[in-house]
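In case you want the letters, here they are:
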Amino acid sequence: MKNLLLLHGALGHTDLFNPYQQELSKHFNVHTPLFSGHGNTAIPDEGISIEKYIQELTEYCEHEKLNDVYIFGHSMGGYVGLCYALQYPENTNSVLTLGTKFNWTEEQALKESKMLDPETILSKIPKYAEQLETQHGSQWKKLLPSIAGMMVSLGKNPPLHSETLKQLTVPVQVMVGDKDNMVTIEETIQTYRDIPNARLSILPDTKHPMDKIRPTLLTEIMKDFWN
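Let me sum up the structure you'll find in this document.

Calculation rules
- Residues numbered from 1 in each chain as written.
- Predicted model: local features only at pLDDT ≥ 70, side-chain atom pairs only at ≥ 80, totals over all residues.
- Heavy atoms only, no water.
- Core = buried A, V, L, I, M, F, W, Y, C linked by side-chain atoms within 4.5 Å.
- Buried < 20%, exposed > 50% of the residue type's maximum accessible area, 1.4 Å probe, protein only.
- Helix = DSSP H or I, 4+ residues; strand = E, 2+ residues; numbered from the N terminus.
- Contact = heavy atoms within 4.5 Å.
- Polar contact = N/O pair within 3.5 Å; in protein donor to acceptor, adjacent residues only side chain to side chain.
- Axes fitted to C-alpha atoms, helices over the stretch in contact; angles between N-to-C directions.
- Parallel < 35°, antiparallel > 145°, perpendicular 65-115°, else oblique.
- Nonpolar A, V, L, I, M, F, W, Y, C, P; charged D, E, K, R; others polar.

Another point: the nonpolar core. Ranked by internal contacts, the top residues of the largest apolar core, which has 44 residues, are Leu-5, Ile-50, Val-80 and Ile-147. Sorting the residues of this core by element identifies β1 (2-7), α2 (50-63), β3 (69-74), α3 (76-87), α6 (126-136), α7 (140-156) and β5 (172-177) as the ones contributing at least two each. Take this core: its biggest share by element is eight residues, from α7. Those residues within four positions of Ile-50 in sequence are excluded, and the remaining contacts are Met-76, Tyr-79, Val-80, Cys-83, Met-150, Leu-154 and Pro-159. Residues Leu-4, Leu-6, Leu-24 and Leu-98 belong to the second largest nonpolar core, which totals 19 residues.

Okay, the side chain of Thr-100 next. Within the element layout of this structure, Thr-100 appears in the loop between β4 (92-98) and α4 (106-114). At 2.8 Å, the side chain of Thr-100 forms a polar contact with the backbone oxygen of Ser-75. Apart from residues no more than four positions distant in its own chain, Thr-100 is found in contact with Gly-73, His-74, Ser-75, Gly-78, Tyr-79 and Val-183.

Now for the environment of Leu-86. Structurally, Leu-86 is set in helix α3. Distance from Leu-86 to Lys-166, taken between C-alpha atoms, is 9.9 Å for residues 80 residues apart in sequence. Contact partners of Leu-86, with chain neighbours within four places excluded, come to Leu-160, Thr-164, Gln-167 and Leu-168.

Running from amino to carboxyl end, α6 crosses α7 at an angle of 100°, the nearest separation of the two axes being 9 Å. Between α6 and α7, the interaxial angle falls into the category roughly perpendicular. Residues Ala-129, Leu-132, Glu-133 and His-136 of α6 form the contact with α7, whose own contacting residues are Trp-140, Leu-143 and Leu-144. A per-class count over the contact of α6 with α7 returns five nonpolar, one polar and one charged.

In structure tokens, the structure reads:
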């Protein structure tokens, strides 16, 4: 059976893919690797970076002996998936991304990173703080600045841009929700135009968080793309 990797976003968790497991398992061997710093995994001593996560994905595929992988990535997971496809096109069948931010500038990264202050989240969005603690345990407050550092690094030197996207040789579908407040429709369309063999979907009445996406809608798009 074909191998499918479901890649979570920054501050996300593999539990968010539970509503998809039963249906997707009819068609794929489903793998849900957990990026370091998330869940019960330790934050790396060298910090968190896109490059680190590409390395982890590479090592996971090697350890599990996965060939010709199908990749779905939500948010940051989509970014990592496309970077992996650039480096290992021979081992990537195709990539489907949802809510992935491509337009990383230093100014944008600093703006996004300032929103990841633990004390601000505790006081202003206590339910989100509770969710983060449930998913990542007591280290969630340390995970936030680590993710912020990754964003700043992306802003200074984004590995995905117009020229690198044009080098993608595998089938790609980029998607964004019409109510996503983190990723613009415009940057998603620009990325779709930059990738040679790409498809584009704009999901109706859809926000950014993975747990706000309708599983029936996304599953049907996945099945259509990988049919």
